[in-house]
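Topology and contacts: notes
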Amino acid sequence: RVPYMLNQPLRYSSNIFQRFGFSSSTPQQNDKEVHEPKDQESTAHESNGEASKEDSGTEDLDLSKEDLVKLVFEKDELLTSKDEEIKDMKDKVLRSYAEMENVIARTKRESENSKKYAVQNFSKSLLDVADNLARASSVVKESFSKLDTSEDSSGAVPLLKTLLEGVDMTDKQLGEVFKKFGVERFDPLNEKFDPDKHFALFQIPDPSKPSGTVASVVKVGYMLHDRVLRPAEVGVTEGGPSEEPEEKSGGE
């Protein structure tokens, strides 16, 4: 710090010199000499700065005029690229939303079908039981109608009657349980043969009925809501008159 202070001009106020009995003429002159160059330097710097600013402003104006078109094209290209990105993102969002809606609808449909047809295998395994009950009921009724109750000395007829009533009640109750869960029996006797609901085991020559009519039912069919749980096993007529095609509307 000492050499720096030695190289700098000394600055003293007149009060200090008057306190110690010195005259204040010389320091004042020195102060003026010190301040005046600084003021001149500051004004010079300011003028130089303003001139440089004016020069740089003119250069900036010249550059902006030359590069204005390039900047506009660059901004346009940037905007178009961003617009394309936004369109792509919108398309992806819409596609993902549509896929999500499809997944939700499919999952809902599958859950409803699983609830609706959950008893399919269990009901199908009980169809043979229902067939045996119906067969036993029909056989016992035929046998009971041929019995002579006047010669019944052992009292077996009341027992057979009670057994027949029990079989009928069991068959009826099983049918009600089936119906509760959407399983219904159908007997297609004298109906037109439907390959989706009927299974043809044999053909019966019968010219009195139209060809393709169900003339005999070996096993009744069962439906689970709108599905065929088991097709009916039937015998179909042949040799009869074929059904006339339906007339077209409009007089054709």
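- An unreviewed UniProt entry lists the protein chain under the name GrpE protein homolog, from Aegilops tauschii subsp. strangulata.
- The annotation that UniProt attaches to the protein chain under Subunit (unreviewed entry) is "Probable component of the PAM complex, at least composed of SSC1 (mtHsp70), MGE1, TIM44, PAM16/TIM16, PAM17 and PAM18/TIM14. Interacts with SSQ1."

Description of the packing of aromatic side chains
- This model, assessed by the stated rule, comprises 1 aromatic pair.
- Ring centres of Phe 178 and Tyr 222 lie 6.0 Å apart, and the angle between their planes is 80 degrees; on these two criteria the pair is classed as edge-to-face. With Phe 178 in helix H5 (residues 156–180) and Tyr 222 in strand S4 (residues 221–224), the pair connects residues that are 44 residues apart, well separated along the chain.
- Judged by its relative accessible area of 6%, Phe 178 is buried.
- Since its relative accessible area comes to 2%, Tyr 222 is described here as buried.
- Taking the ring centre of Tyr 117 as reference, the NZ or CZ of Arg 227 above it sits at 3.7 Å.

Things to note about the layout of surface pockets
- Each pocket or cavity is described by its volume, and for the largest pocket that value is around 160 Å³.
- Taken together, Asp 131, Ala 134, Arg 135, Arg 185, Val 217, Val 218, Lys 219, Val 220 and Tyr 222 make up the lining of the largest pocket.
- Mapped by element, the contributors of at least two residues to the lining of the largest pocket are helix H4 (120–146) and strand S3 (214–219).
- Here the lining of the largest pocket is composed, by residue class, of 5 nonpolar, no polar and 4 charged.
- Inspection of the lining of the largest pocket shows a minimum of three residues originating in each of domain 2 (118–181) and domain 3 (182–242).

Some words on H5
- Taking 1.5 Å as the rise per residue, H5 with 25 residues should run 36 Å; its terminal C-alpha atoms sit 36 Å apart, in good agreement.
- Of all the residues in H5, the buried ones are Val 157, Leu 164, Val 167, Asp 171, Leu 174 and Phe 178.
- Just past H5, the residue Gly 182 takes up positive phi, approximately 90 degrees.

Side note on the pattern of salt bridges
- Within this structure, the stated rule accounts for 4 salt bridges.
- Close ionic contact of Asp 91 with Arg 95 constitutes a salt bridge, the shortest N to O distance being 3.2 Å. Highlighted residues: Asp 91 and Arg 95, both in helix H3 (residues 25–116), separated by 4 residues, approximately one helical turn.
- With relative accessibility at 37%, the residue Asp 91 sits in the partly exposed group.
- One salt bridge in this structure joins Arg 185 and Asp 171, with 3.6 Å as the shortest N-O distance. You can see Arg 185 sitting in strand S1 (residues 183–186) and its partner Asp 171 sitting in helix H5, a full 14 residues away along the chain.
- Judged by relative accessible area, Asp 171 falls into the buried class, the value being 15%.

What to know about the side chain of His 198
- Mapped onto the fold, His 198 is located in strand S2 (residues 198–205).
- Overall, His 198 belongs to the buried group, its relative accessible area being 5%.
- Aside from chain neighbours lying at most four places away, what touches His 198 is Phe 186, Pro 188, Glu 191, Lys 192, Phe 193, Val 214, Pro 231, Ala 232 and Val 234.

Focus: the sheet that holds S1
- Across the sheet, 3 strands lie side by side as S1-S4-S5; this open sheet has antiparallel pairing. Of all strands in the sheet, those with a lone pairing partner are S1 and strand S5 (227–230), marking the two edges. The average undirected angle you get between the axes of adjacent strands in this sheet is 35 degrees.
- Sheet analysis places S4 next to S5, joined by 3 bridges and oriented antiparallel. In the strand pairing of S5, Met 223 is matched with Val 228.

Some remarks on the pairing of strand S6 (residues 232–238)
- Burial runs high along S6: 5 of the 7 residues are buried.
- Pairing of S2 with S6 involves 7 bridges; the strand directions are parallel. Within the sheet, the bridge partner assigned to Pro 205 lies in S6 and is Glu 238.
- Taken together, the 4 bridges between S3 and S6 define a ladder with antiparallel strand orientation. Bridging across to S6, Val 217 finds its partner in Val 234.

So, how was this worked out
Residues numbered from 1 in each chain as written. Predicted model: local features only at pLDDT ≥ 70, side-chain atom pairs only at ≥ 80, totals over all residues. Heavy atoms only, no water. UniProt positions renumbered as here; feature names shortened; annotations may be inferred. Phe/Tyr/Trp six-rings, centres within 6.5 Å; stacked < 30°, edge-to-face > 60°. Helix = DSSP H or I, 4+ residues; strand = E, 2+ residues; numbered from the N terminus. Buried < 20%, exposed > 50% of the residue type's maximum accessible area, 1.4 Å probe, protein only. Lys NZ or Arg CZ within 6 Å of the ring centre and 35° of its normal. 1 Å grid on protein atoms, 1.4 Å probe; cavity = no way out; pocket = protein on both sides within 12 Å on 5 of 7 lines; lining within 4 Å. Points joined across faces, edges and corners; volume = space filled by probe spheres on them. Nonpolar A, V, L, I, M, F, W, Y, C, P; charged D, E, K, R; others polar. Domains from an automatic or database assignment. Expected span 1.5 Å × (residues − 1). Salt bridge = Lys/Arg side-chain N within 4 Å of Asp/Glu carboxyl O. Contact = heavy atoms within 4.5 Å. Pairing = 2+ DSSP bridges. Axes fitted to C-alpha atoms, helices over the stretch in contact; angles between N-to-C directions.

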